[in-house]
Amino acid sequence: MAVGIFDSGLGGLTILDAVQARLPEVDFVYLADSANAPYGVRTADDIYDLTVAATQRLFDAGCDLVILACNTASAAALRRMQEGWVPSDKRVLGVFVPLIEALTERQWGDNSPPREVATKHVALFATPATVATRAFQRELAFRAIGVDVEAQACGGVVDAIEDGDFILAEAMVRSHVDALKRKMPTPEAAILGCTHYPLMQDTFQDALGADVQVFSQAGLVADSLADYLGRHPDKIGSGTAAFLTTGDPKTVSTRATQFLRREIRFEAA
Ligand code: DGL
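Residues numbered from 1 in each chain as written. Predicted model: local features only at pLDDT ≥ 70, side-chain atom pairs only at ≥ 80, totals over all residues. Heavy atoms only, no water.

Help me get a handle on the overall build of the protein, residues and values and all.
When you go through the protein residue by residue, the secondary structure sums to 12 helices and 12 strands. Radius of gyration (C-alpha) of the protein: 18 Å, near the 18 Å computed for a compact globule of 269 residues. Projecting the C-alpha coordinates of the protein onto the three principal axes gives extents of approximately 50 × 45 × 35 Å. Counting only residues that meet the buried cut, the protein has 54% of its 269 residues in that class. (Helix = DSSP H or I, 4+ residues; strand = E, 2+ residues; numbered from the N terminus. Rg over C-alpha atoms; globule rule 2.2 N^0.38 Å. Buried < 20%, exposed > 50% of the residue type's maximum accessible area, 1.4 Å probe, protein only.)

So this is what it looks like as structure tokens:
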């Protein structure tokens, strides 16, 4: 009984950790496309092809439901996959939806006209590819009016995290927050729109200041998945728990163990 979780690299472990805590009875197959990370500097076509291949690998591992625990794949590939590729007996879900639900205080299926929400000035931190799609602003505009979103493409942060270089990652986060503040001096809320960024959440919060509400996806996705599986228990596939990577299993296992502070053993995908 397993659900698939996909990320270009190790960022999706922040989601995995939260969903495992929320759903201890469910097994997960985690796939990190480490050989091709980062996705955030790739073209949309490239991200689509890589995400399709990774999702197919998780279907082959017995997962009927795959969570794209990657905003870049969710923004650049998910809609195209859902419209023309995902087989009718499988489901692929992204990580944007729960975030927008939380920000706009409404449910995804709520198709009523957009309405005013309390938070007016929102900073979005994401990879260059996610920012380029404008997917977040588009989805938000369907649901909320009068919200000013300033996006900051955070080049380099994912590479530094994947390399385990947290000193560099911290310096980069601070410089991206400075750049954002030059465009939007007083954001009320900040969205960490990349699953790697919760690993740097304290730095984001410190650089933004205590008054800024920082939304991170892990807990929100965990609640959403629990709700979804409660309604669709048949979507828990037949696979068994595993950690798969397209990169070097030894290096990836060492980094993952460091991130989650528990032993994680990856095997070749
Ligand atoms: N963790 C991913 C995301 O949420 C992508 C990182 C990357 O490969 O650039 O966007």
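So what's going on with the pairing of strand β6 (residues 121-126)? Which residues, and what values?
Where burial is concerned, most of β6 is hidden: five out of the six residues are buried. Where β6 and strand β8 (residues 148-153) come together, six bridges link them in parallel fashion. Looking across to β8, one finds that F125 is bridged to Q152. Two strands pair when backbone bridges link them, and β6 and strand β9 (residues 189-192) are joined in this way by four bridges, in the parallel orientation. Pairing of L124 across the sheet is with I191, part of β9. (Pairing = 2+ DSSP bridges.)

Tell me about the site of the ligand, and please be specific about residues and values.
Taken together, 13 residues lie near the ligand, and S8, Y39, N71, T72 and H196 sit nearest. S8 is positioned with one of its side-chain polar atoms (N or O) 2.6 Å from an oxygen atom of the ligand. Here a nitrogen atom of the ligand and a side-chain polar atom of H196 are 2.7 Å apart. In the complex, 99% of the free accessible area of the ligand, which totals 300 Å², lies under the protein chains. (Near = heavy atom within 4 Å. Polar contact = N/O pair within 3.5 Å; in protein donor to acceptor, adjacent residues only side chain to side chain. Areas by Shrake-Rupley, 256 points an atom, 1.4 Å probe, with all protein chains shown as cover.)

How would you sum up the nonpolar core? Please name residues and give values.
Formed by 55 residues in total, the largest nonpolar core has its most connected members in F28, F125, Y197, F204, L229 and F266. No other element matches the seven residues that helix α11 (residues 217-231) contributes to this core. Setting aside anything within four residues of it in sequence, one finds F28 in contact with A2, V3, I5, L16, V19, Q20, L23, L225, A241 and A242. Membership of the second largest hydrophobic core comes to 26 residues, among which are A2, Y39, I47 and A242. (Core = buried A, V, L, I, M, F, W, Y, C linked by side-chain atoms within 4.5 Å. Contact = heavy atoms within 4.5 Å.)

So, the sheet that holds β8: which residues are in play, and what are the values?
One open sheet accounts for four strands, arranged β8-β6-β9-β10; its pairing is parallel. Edge positions in the sheet fall to β8 and β10 (213-215), since each has one partner strand and no second. Shown here is a sheet whose adjacent strand axes are inclined to one another by a mean of 20°, direction ignored. Lying on the sheet, helix α9 (residues 166-183) is in contact with β6 and β8; it crosses β8 at an angle near 145°. (Axes fitted to C-alpha atoms, helices over the stretch in contact; angles between N-to-C directions.)

Explain the side chain of D7 to me, using residue names and the numbers behind them.
Relative to the elements of secondary structure, D7 occurs in strand β1 (residues 2-7). Lacking a salt bridge, the buried D7 has R42 as its closest oppositely charged neighbour, with an N-O distance of 11 Å. Excluding residues within four positions of it along the chain, D7 makes contact with G12, Y30, L31, A32, D33, A69, C70, T195 and H196. (Lys, Arg positive; Asp, Glu negative; His and termini not counted. Salt bridge = Lys/Arg side-chain N within 4 Å of Asp/Glu carboxyl O.)

Just give me the short version of the environment of L103, but keep the residues and values in it.
Its location among the elements puts L103 in helix α5 (residues 96-104). Classification of L103 as buried rests on a relative accessible area of 5%. Remark: the alpha-carbon pair of L103 and D248, spanning 145 residues in sequence, is separated by 38 Å. Once you skip the residues sitting within four places of it in the chain, L103 turns out to touch V117, V122, F136, L140, I191 and F215.

Describe the sheet that holds strand β12 (residues 267-268), naming the residues involved and giving the relevant values.
Strand order in the open sheet formed by six strands is β4-β3-β1-β2-β11-β12, and the pairing between neighbours is parallel. Two strands bound the open sheet, and with one partner strand each, they are β4 (91-93) and β12. In this sheet, strand β11 (residues 242-245) lies alongside strand β2 (residues 27-32) in parallel orientation, the contact comprising four bridges. Note that in β11 the partner of Y30 across the bridge is F243. α11 rests against β1, β2, β3 (65-68) and β4 of the sheet, and its axis sits at about 165° to β3.

Give me the pattern of salt bridges: which residues, what numbers.
This model, assessed by the stated rule, comprises 12 salt bridges. In this structure, E139 engages R79 in a salt bridge whose closest nitrogen and oxygen atoms are separated by 3.1 Å. Of the two residues, E139 is situated in helix α7 (residues 135-143) and R79 in helix α4 (residues 78-84); the sequence distance between them amounts to 60 residues. We classify E139 as buried; its relative accessible area is 11%. One salt bridge in this structure joins E116 and K120, with 2.9 Å as the shortest N-O distance. Note on E116: relative accessible area 58%, which makes it exposed. The class of K120 is partly exposed, set by a relative accessible area of 25%. The structure contains a network of salt bridges with shared partners spanning R79, E139 and R143.

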